[in-house]
Amino acid sequence: MKQIFFLLALVAGPFFIQAQPGDDEPRDTSWKKILRESNPKINDVVHTKLDVRFDYDKSYLYGKEWLTLQPHFYPTDSLLLDAKGMEIKELSMMKGTSKSPLKYTYDGAQLKVKLDRLYSGSEKYTLYIDYISKPNELKATGSAAITDAKGLYFINPKGEDKNKPTQIWTQGETEANSAWMVTIDKPNQKSTEEIYMTVPQKYVTLSNGLLISQKKNADGTRTDYWKMDLPHAPYLFFMGVGDFSIIKDSYKGKEVSYYVEKEYAPYARKIFGNTPEMIKFFSEKLGVEFPWAKYAQIVGRDYVSGAMENTTATLHQESAYQNSRQLIDGNVWEETIAHELFHQWFGDLVTAESWTNITVNESFANYSEYLWDEYKYGKDFADAHNFEDMQGYIQSGGEQKDLVRFHYADKEDVFDGVSYNKGGRILHMLRNIVGDEAFFKSLNYYLTTNKFKTGEAGQLRLAFEEVTGKDMNWFWNQWYYGSGHPKLKISYNYDITGMPGMSEVIVEQTQKSGKVFTLPIAIDVYTAGNKERFHVVLNNAKDTFYFKTSTKPELINVDAEKILLAEKTDNKSEENYIAQWKYAKNYMDRKEALDFFAKKSMPEIAKGLRDKFSKLKIYTIQKIAATPYKTDAVVLSDIEEMAKKDNNTKVKAAAINFLVKNGDAKYLPIYQAAVNDSSYSVAGAAFKGLAALDTASVYALAKKFSSDAKGALGEQVNSALLTKGTEADFDFIARSYDKAPPSQEKVGMTNKFAEYLARVNEISKIKTGIDYMMNFRNMIPEQFRSFVDPTFKSAFDKISKAKGAEVEAYIKSVFK
């Protein structure tokens, strides 16, 4: 699963923040004494056959299920099944074609079944269950990562919202599919699958495996038969239903398809079209061919997370949708597409045997983003992503958490910056330590040894040991079964008494935990422009290294490949950083130098404007804005040229935004030309410039561009209309608010939206706007709402005071 952790910004910080009780409140820490072991396997699910139809008026699923199981090893006469919030109409043992009722008890979450006799480990048996799934009546709690847990979702089932399609989709992870099918809902179960879905003929369906047949029924419905011949975990079962266009590609004769709303059919290949190339790349890199019969991707409305790697049928949230103008600035969803695809190997082919070991799913999927970026867009692009993800972990507050989590309060808690970001960075270090050939051969061994079964961190270690011939316990104990990360203070001495020609490097580990990390690294020593590399190991609280050189080194570059997951205080001199910019070519080398130049307000900061990598150009522009060089004539000339002619639209937009802050009217012709640019980023920056120079014309300008305004342009247009818009602008403003992705920006927009609604007269429109606000608020899990409810209360108060009793009553009915 790829998480879109919007709560990080909403709550109190940038990444993976969890609510904590106040210091004066008791904290339940009993979970720290509970070992989160693998679910005991008394019975194994062997095959799941489902026949389902949907009641759109009630949001019910009517299901008939044939569940084949067998004792795992020991004989048993009982069975425990997960079945959340269902009405069980019949539960029987199949005897050929006849059925024999079984005794059971049901507590609303689990079925305790008494079998008809004792079954041995080699005996299969099949149960028949007739049931009704009522997901909207299920009391389920989500998390920061997955905002709901009712398994089955009816989206606009009665078609009451004319701006939203009617859809059905499922979300199984962690253990929510048992809200719509009876199973043993644990990740260490594996089952083959058949699903018969009866739906209105106007809709298409998607599920795991292949579509075997379709049968039209006399009542205007159609029954689609999907079959999955290879075993996979219950949480990876999937159903999708809706009015989708299906765009088809292929990979080695296997269908690769994209299910999108008809509006986005023209853009589907531009959004998802790299998928066949990704499958080829990952298959070749891993030495394991894509293992499944097909690969489909579907975009669901109101999805409760980022994306989900259902076997052969990945589900994406609607943020995946982009039109051609958005895609000009780059496909913001491409790394998510890679992430979910890599799960088809790490997570689906080999599945974490428990949520404790989610790292063998999510850390790999996270690192696949780096692998794809490196292959497709180059090392700089990948290294920038690596740094961003590392910062995400560091800011997450996860220093006290082990990567393999044997203790947690709730299974949802493991979906965090440790399992994702930190785990991905650990794999990056491991790759550097063992080398590329050994790294990918070890992954191949892990996958082929455990295919269609489960895996854990220990099995991954054994795979690396088998391939490399080296004991890897030191690495696993430190990074997988330990917590935290090193904090390094790096110092240099080039004038050592009694040791002429020697340079000294001192590396101190300053983390307060007292833990000392073992860190194999490279140190590059540059003398007269020539580089000599030394491989060393940091393994003490304070390590000192000496290097003999003919002249004083221009630069000693510790962690030369910039692979460490660490926080560093590097005490290089001004001359060292100038040499680092000149000689050391990695992305982080250049970024570190630019940071120093900016901090010291050095003229060398302008060198970044000519960097080969667009993200560093943008970074330089942003850094210069906080230095005295923001008014330098040469700098302004360079940035003006970038605003006019740079080939990268994001660089061009950053340059225009810089000029806007300058406030000089001479740039008006640049804004006038750029506001019609095909890139929303460029057009949005230019709009801001025009608005700054002519505030009286902002509303007219916003109206002019409102018919096609998304991204940065949409933000500017929407901001202008929120402030100056009339009732006639309601549709655009309300739709923009409703479609805005959950973020800190949307929280800020909520107050402005409320101020706009306070100026609207038509009560039905006001209520619609309130509904949109509540939709956003309700996306936030209950345990986090206390952080944002004051914002919503303030916003609703503004509307109530302006609009009177009827609106006030309506707000009270929905906001409790």
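Relevant structure appears above.
Residues numbered from 1 in each chain as written. Predicted model: local features only at pLDDT ≥ 70, side-chain atom pairs only at ≥ 80, totals over all residues. Heavy atoms only, no water.

Thoughts on the overall build of the protein
Within the protein, the secondary structure is distributed over 25 helices and 29 strands. Overall, the C-alpha framework of the protein stretches about 90 × 70 × 60 Å when taken along its three principal axes. Burial analysis of the protein (816 residues in total) assigns 56% to the buried set. Of the contacts formed within the protein by residues at least 6 apart in sequence, a portion of 68% connects residues at least 24 apart. Just so you have it, the protein exposes about 33,700 Å², and 49% of that area is on carbon and sulfur atoms. The positive charge centre, built from 107 side chains, and the negative charge centre, built from 108, are 2 Å apart in the protein. (Helix = DSSP H or I, 4+ residues; strand = E, 2+ residues; numbered from the N terminus. Buried < 20%, exposed > 50% of the residue type's maximum accessible area, 1.4 Å probe, protein only. Contact = heavy atoms within 4.5 Å. Areas by Shrake-Rupley, 256 points an atom, 1.4 Å probe, with all protein chains shown as cover. Lys, Arg positive; Asp, Glu negative; His and termini not counted. Charge placed at Lys NZ, Arg CZ, Asp CG, Glu CD.)

Structural notes on the sheet that holds strand β7 (residues 110-119)
Strand order across the open sheet formed by three strands is β3-β7-β6, with antiparallel pairing between neighbours. Each edge of the open sheet carries a strand with a single partner, namely β3 (76-82) and β6 (103-106). Between one strand and the next, the sheet's axes are offset by a mean angle of 20 degrees, whatever the strand orientation. Relative to β7, β3 runs antiparallel, the two sharing six bridges. The residue of β7 that forms the bridge with S78 is K114. (Pairing = 2+ DSSP bridges. Axes fitted to C-alpha atoms, helices over the stretch in contact; angles between N-to-C directions.)

Some points on the side chain of D611
Along the chain, D611 turns up in the loop between α13 (587-599) and α14 (614-624). Within polar-contact distance, the side chain of D611 engages the backbone nitrogen of F613 at 2.9 Å. Residues within four places of D611 in sequence aside, it is in contact with W581, R590, L616 and K617. (Polar contact = N/O pair within 3.5 Å; in protein donor to acceptor, adjacent residues only side chain to side chain.)

Comments concerning the pattern of salt bridges
Under the defined criterion, the tally for this structure stands at 54 salt bridges. Between D116 and K95 there is a salt bridge whose closest N-O contact spans 2.6 Å. Separated by 21 residues along the polypeptide, D116 in strand β7 and K95 in strand β4 (residues 86-95) bring together distant segments of the chain. Beyond isolated ion pairs, a larger network of salt bridges with shared partners links D380, R590, D611 and K612. (Salt bridge = Lys/Arg side-chain N within 4 Å of Asp/Glu carboxyl O.)

What to know about the packing of helix α3 (residues 275-286) against helix α5 (residues 334-342)
Relative orientation of the contacting elements α3 and α5 amounts to 50 degrees, with a least axis distance of 10 Å. Looking at the two axes, α3 sits oblique to α5. Seen along the crossing, α3 lies across α5 with a hand that is right-handed. Each of T275, M278, I279, F282 and L286 in α3 lies in contact with α5, whose residues at this interface are E334, I337, A338, L341 and F342. For the contact of α3 with α5, the per-class residue count stands at eight nonpolar, one polar and one charged. (Parallel < 35°, antiparallel > 145°, perpendicular 65-115°, else oblique. Left-handed = near helix turned anticlockwise from the far one by under 90°. Nonpolar A, V, L, I, M, F, W, Y, C, P; charged D, E, K, R; others polar.)

A few points about the pairing of strand β13 (residues 210-216)
Across six bridges, β13 lies against strand β14 (residues 221-232) in antiparallel orientation. Each bridged residue has a counterpart across the sheet, and for K216 the counterpart in β14 is R222. Count of turn residues in the β13/β14 antiparallel hairpin: four residues, of which G220 carries a positive phi of about 90 degrees.

Observations regarding the sheet that holds strand β29 (residues 567-570)
Taken in spatial order, the four strands line up as β27-β24-β23-β29 in an open sheet, and their pairing is mixed. The sheet is open, and its two edges are formed by β27 (542-548) and β29, each paired on a single side. Pairs of neighbouring strands in the sheet enclose a mean axial angle of 20 degrees, with direction left out of account. Of the pairings in the sheet, the one linking strand β23 (residues 487-493) to β29 comprises four bridges and is parallel in character. If you follow K489 over to β29, its bridge partner there is T569.

Let's talk about the packing of aromatic side chains
Tallied over the full model, the rule gives 49 aromatic pairs. Between the aromatic rings of F464 and W476, the centroid separation amounts to 5.8 Å while the plane-to-plane angle is 55 degrees, which identifies the pairing as tilted. Taken together, the residues F464 in helix α10 (residues 457-468) and W476 in helix α11 (residues 473-480) connect sequence positions twelve residues apart. The residues F464 and W476 share a single accessibility class, namely buried. Aromatic pair Y577 and F596: ring centres 4.5 Å apart, planes at 20 degrees, arrangement stacked. Here Y577, found in helix α12 (residues 574-583), pairs with F596, found in helix α13; they are 19 residues apart in sequence, far enough to count as distant. Here Y577 falls in the buried class, since its relative accessible area comes to 7%. Judged by its relative accessible area of 15%, F596 falls in the buried class. Taken together, the aromatic side chains of F281, F282, F290, Y295, F342, W345, F346, F364, W372, Y375 and Y446 make up a single cluster linked through ring pairs. The residue whose ring lies beneath R117 is Y119, and the NZ or CZ to ring-centre distance is 4.0 Å. Sitting over the ring of F381, K615 keeps its end group 4.6 Å from the ring centre. (Phe/Tyr/Trp six-rings, centres within 6.5 Å; stacked < 30°, edge-to-face > 60°. Lys NZ or Arg CZ within 6 Å of the ring centre and 35° of its normal.)

Digging into the nonpolar core
Counting residues in each nonpolar core, the largest one holds 172 residues, and the members touching the most others are F282, W345, Y480, M773 and I799. If near-sequence neighbours (up to four positions away) are discounted, I799 is found in contact with A754, L757, I766, I770, M773, V807 and I811. Listed in part, the 63 residues of the second largest apolar core include L152, W226, A296 and V414. (Core = buried A, V, L, I, M, F, W, Y, C linked by side-chain atoms within 4.5 Å.)

Regarding the environment of F439
Of note, F439 is situated in helix α9 (residues 436-450). C-alpha separation for the pair F439 and K58, spaced 381 residues apart in sequence, amounts to 52 Å. Setting aside residues no more than four positions away along its own chain, F439 makes contact with Y367, L427, L430, R431, V434 and F464.

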